[in-house]
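An overview of the molecular structure
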Amino acid sequence: MCGIIGIVNTLPSSIGSSNNASYDVYRGLLTLQHRGQDSAGILTYDNTSREFHLEKRKGLVSSVFDKGTLEELKGNLSIGHTRYVTVGSDHKSNIQPMVTGIPFGIGMVHNGNILNFYSIKRILREETGSHLLSNNDIELILNLWCHHMINMGTRGFELDIAVKALKEVYKTLIGAYSVVGIVSGMGLFAFRDPHGIRPLVLGKKETSLETSWCFASETLALNILGYEYEREVKPGEFVFIDNYGNMYNTIIKSETRNSHCMFEWVYFSGVESELEGMSVYTSRLNLGKFLAKKIQREIDQKIINPDVVVPVPDTSRTAAIAIAETLKLPYREALIKNRYVYRSFILGNQQKREQAVEQKLSPVKSEIFGKNILLVDDSIVRGTTSKKIIALLKRYGAHSVTLVSTCPPLRYPCFYGVDFPSTGELIASNRTEEEIARIIGVDKVIYLEIEDLKLSLQHENLCLACLNNDYPTPIDDKNIFQEIRNHEMKTQREYL
Ligand code: SF4
């Protein structure tokens, strides 16, 4: 998962002036930091000098950019990216945005995963001689699109050829992709995969001086930057907004069923955001209410006897409040998060994750000692974090711990941008709830039911593949994908 954003300041007065879009892109990236913490980058296009300006590095947004670098990122067109590594290494060659000058200037950022990346990469090389310089999906998409435009005889940016070429790209790509990009001197564009797996929204801001448009992964970026939410970019849609604010849009490819990633509401998106018309905050309250009904049945049967509800901060806090209210139990923040330690789930390897768990949660002994704790987490992926937290609670004197998860058991890999692609890594893949409870050291584990998840999110068009093995796209390339993900660069070289 990554965070993406793009802005065009469109009035003629802003074009060629010092009104840089990069500062708002930077502020937007700060709000999207939770979507990826490995690297950050901003690309701009300056109509005065007719040059791209690019700054990208490993690290958090606030450490990659300062006042000086932002002032050098001139231009009314800007895109930005925060990266979360799933496939491919975190080598600097994979950092976005990526840009090309042939057949004309295009820069792009994306969120998602191309499942058949390695097949396309090989075909592209064999058929066209193209040699990608990274293992990043966006370089592949960029090359493929440019290859088709060149074959169609494009001479500079021509919208009709760009759309025709993109149709060819869509025929080839399998996976999840929300993309935002710049065409040098022309405007800003965005497109989204035909299932709409990853989110992408459009906002507009009008002031007395200028009109600006913004594409972003989440509405919270629009809110902070003062943009009015206009709409979602539709699944399979291409939108182009030129330097003067003229908008063109078309559906490149549609599917009978949209499949929005349920994990965006459960875990990934900021709680202030709205996705597909559904507030993330409301959906997490609903997850808690439905889960509370299941927990109540266990209490009624005297299987568990909790006396306090404790969230694993931060994502599960909203659901924990709803659970405590529904069960009429006290809600206590018995684990305090050190906000300066990275989110453990999205750190790149197991060792880093385990160290981060120990450093990031500080227990409040008075709220733990002697208590029967109902511990609420948003999901149980590998079980690593849960096991450590439970050991911590026991060490501080918890009498018993019941772990409840607002996400149903994650049993199948994700090929669309979330870092649990290997079945063997998922604690629930081949285990009963009793076995899971034993491994992570709790008295009982209680998961939300899939039907209750759907009711909570109030959406029919969801991707639930990691829960029910029903993938929205063909997954013929899954073995290569998993193998390369597991062995990273070594296996990749052998295969290629
Ligand atoms: S498989 Fe799971 S995590 Fe991946 S896109 Fe689908 S719902 Fe989201």
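Definitions and cut-offs
Every chain is numbered on its own, with residues counted from 1 as its sequence reads. Totals for whole chains, interfaces and linings use all residues, but because this is a predicted model, local features are given only for residues with pLDDT of at least 70 and pairs of side-chain atoms are given and counted only at 80 or more. Each residue gets a C-beta atom placed from its backbone. Should that atom fall within 6 Å of a molecule or strand, the residue is termed near it. Put simply, Ala, Val, Leu, Ile, Met, Phe, Trp, Tyr, Cys and Pro go in the nonpolar bin, Asp, Glu, Lys and Arg in the charged bin, and everything else, Gly too, in the polar bin. Two strands qualify as a pair provided that DSSP identifies no fewer than 2 bridges between them. The secondary structure listing takes helices from DSSP runs of H or I that are at least 4 residues long and strands from runs of E that are at least 2 residues long, numbered from the N terminus. Geometry is summarised by axes, namely lines fitted to C-alpha atoms with helices restricted to the contacting stretch, and by angles between N-to-C directions that run from 0 to 180 degrees. One nonpolar core equals one set of buried Ala, Val, Leu, Ile, Met, Phe, Trp, Tyr and Cys residues connected by C-beta atoms within 7 Å. Think of it as a crowd count around each C-beta: if 20 or more other C-beta atoms lie within 10 Å the residue is buried, if 12 or fewer it is exposed, and in between it is partly exposed, with C-beta placed from the backbone throughout. For the purposes of this description, domain bounds are those given by an automatic or database domain assignment. Placing C-beta atoms from the backbone, we regard two residues as in contact once those atoms come within 7 Å. Seen with its strands pointing away from the viewer, a crossover is right-handed if its path from the first strand over the helix to the second goes clockwise. By definition here, a helix of n residues has an expected span of 1.5 Å times n minus one. An angle below 35 degrees is treated as roughly parallel, one above 145 as roughly antiparallel, one from 65 to 115 as roughly perpendicular, and anything else as oblique. Crossings are sorted by hand: turned counterclockwise from the far helix by less than a right angle, the near helix makes the crossing left-handed, and turned clockwise it makes it right-handed. Arc definition: it is the arc formed by the directions from the helix axis to the C-beta atoms.

1. Brief notes about the site of the ligand
Near the ligand the following residues occur: Ile197, Cys261, Met262, Phe263, Cys414, Tyr416, Val418, Cys463, Leu464, Ala465 and Cys466. Across the shell around the ligand, the residue classes tally to eleven nonpolar, no polar and no charged.

2. Looking at the sheet that holds strand 5 (residues 98-100)
As summarised here, the arrangement of the six strands in space is 5-6-7-8-12-13, forming an open sheet in which the pairing is antiparallel. Edge positions in the sheet fall to strand 5 and strand 13 (247-251), since each has one partner strand and no second. Taking each pair of neighbouring strands and ignoring which way they run, the sheet shows an average axis angle of 15 degrees. Of the strand pairs in this sheet, strand 6 (residues 106-114) and strand 7 (residues 175-183) are connected by nine bridges, and their pairing is antiparallel.

3. Comments concerning the nonpolar core
The biggest cluster of nonpolar side chains holds 144 residues, and the ones touching the most others in it are Ile5, Ile141, Ile323 and Val376. Broken down by element, this core gets its largest block of residues, eight residues, from helix 5 (residues 137-151). In this structure, this core is formed jointly by two domains, domain 1 (3-259) and domain 2 (279-471), each of which donates at least three residues. Once you skip the residues sitting within four places of it in the chain, valine 376 turns out to touch Val309, Val310, Pro311, Val312, Ser316, Ala319, Ala320, Ile323 and Val404.

4. Quick look at the domain arrangement of the protein
Examined at the domain level, the protein breaks down into domain 1 (3-259) and domain 2 (279-471). Each of domain 1 and domain 2 was reduced to a C-alpha centroid, and the two centroids are 34 Å apart. Going through the elements one at a time, strand 6 and strand 7 are the ones with two or more residues in the side of domain 1 that touches domain 2. Top contributing element to the side of domain 1 that touches domain 2 by residue count: strand 6, with three residues. Grouping the amino acids of the side of domain 1 that touches domain 2 by side-chain chemistry returns five nonpolar, ten polar and four charged.

5. As for the pairing of strand 20 (residues 372-377)
Burial of strand 20 is extensive: five of the six residues sit out of reach of the surface. Across four bridges, strand 17 (residues 308-311) lies against strand 20 in parallel orientation. Residue pairing across strands places valine 310 opposite leucine 375, the latter belonging to strand 20. Where strand 20 lies against strand 21 (residues 400-405), six bridges are found, and the strand directions are parallel. Of the residues in strand 21, the one forming a bridge with leucine 375 is leucine 403. The handedness of the strand 20 to strand 21 crossover, carried by helix 12 (residues 384-395), is right-handed.

6. Looking at helix 12
In this model helix 12 runs 17 Å from its N-terminal to its C-terminal C-alpha over twelve residues, within 8% of the 16 Å that 1.5 Å per residue would give. Here helix 12 has its buried residues at Thr385, Ser386, Lys388, Ile389, Ile390 and Leu393. Remark: glycine 397 follows helix 12 within two positions and exhibits a positive phi of approximately 95 degrees.

7. A few points about the sheet that holds strand 3 (residues 51-58)
Across the sheet, which stays open at both edges, the seven strands sit in the order 3-2-4-1-10-9-11 with antiparallel pairing between neighbours. Looking at the sheet topology across the chains shown, the edges are occupied by strand 3 and strand 11 (228-232). The average angle at which neighbouring strand axes cross in this sheet is 15 degrees, direction not considered. Both strand 9 (residues 201-206) and strand 10 (residues 211-216) contribute to a ladder of six bridges, which runs antiparallel. Counted as the bridge partner of lysine 205 is serine 212 from strand 10. Each of strand 1 (3-9), strand 2 (39-46), strand 4 (77-83) and strand 10 touches helix 1 (residues 22-31); the most contacted strand, strand 4, lies at about 20 degrees to it.

8. A few points about the packing of helix 4 (residues 117-128) against helix 5
In the contact formed by helix 4 and helix 5, the axes pass within 11 Å of each other and the chain directions differ by 40 degrees. Comparing the axis directions of helix 4 and helix 5 gives the class oblique. Relative to helix 5, helix 4 is oriented so that their crossing is left-handed. Contact residues: helix 4 offers Phe117, Ile120, Lys121, Leu124 and Thr128, while helix 5 offers Asp137, Leu140, Asn143, Leu144 and His147. For the contact of helix 4 with helix 5, a count of residues per class yields five nonpolar, three polar and two charged.

9. Focus: helix 14 (residues 450-457)
Taken as a whole, helix 14 has its buried residues at Leu453, Ser456 and Leu457. Within helix 14, the buried residues cover an arc of 85 degrees as seen down the axis, which keeps them to one side. Taken together, the buried residues of helix 14 touch helix 8 (262-268), strand 16 (278-279), helix 9 (280-300) and strand 23 (462-463). Following helix 14 by one or two positions, glutamine 458 has its phi on the positive side, about 50 degrees.

10. Re the packing of helix 9 against helix 10 (residues 317-327)
Orientation of helix 9 relative to helix 10, taken along the N-to-C sense of each, is 40 degrees, at an axis distance of 7 Å. The orientation of helix 9 relative to helix 10 falls into the category oblique. Where helix 9 crosses over helix 10, the two elements pack in a sense that is right-handed. Listed contacts from helix 10 to Tyr281, Arg284, Leu285, Leu287, Gly288, Lys289, Leu291, Ala292, Ile295 and Gln296 of helix 9 are Thr318, Ala319, Ala320, Ile321, Ala322, Ile323, Thr326 and Leu327. Across the contact of helix 9 with helix 10, the residue classes tally to twelve nonpolar, four polar and two charged.

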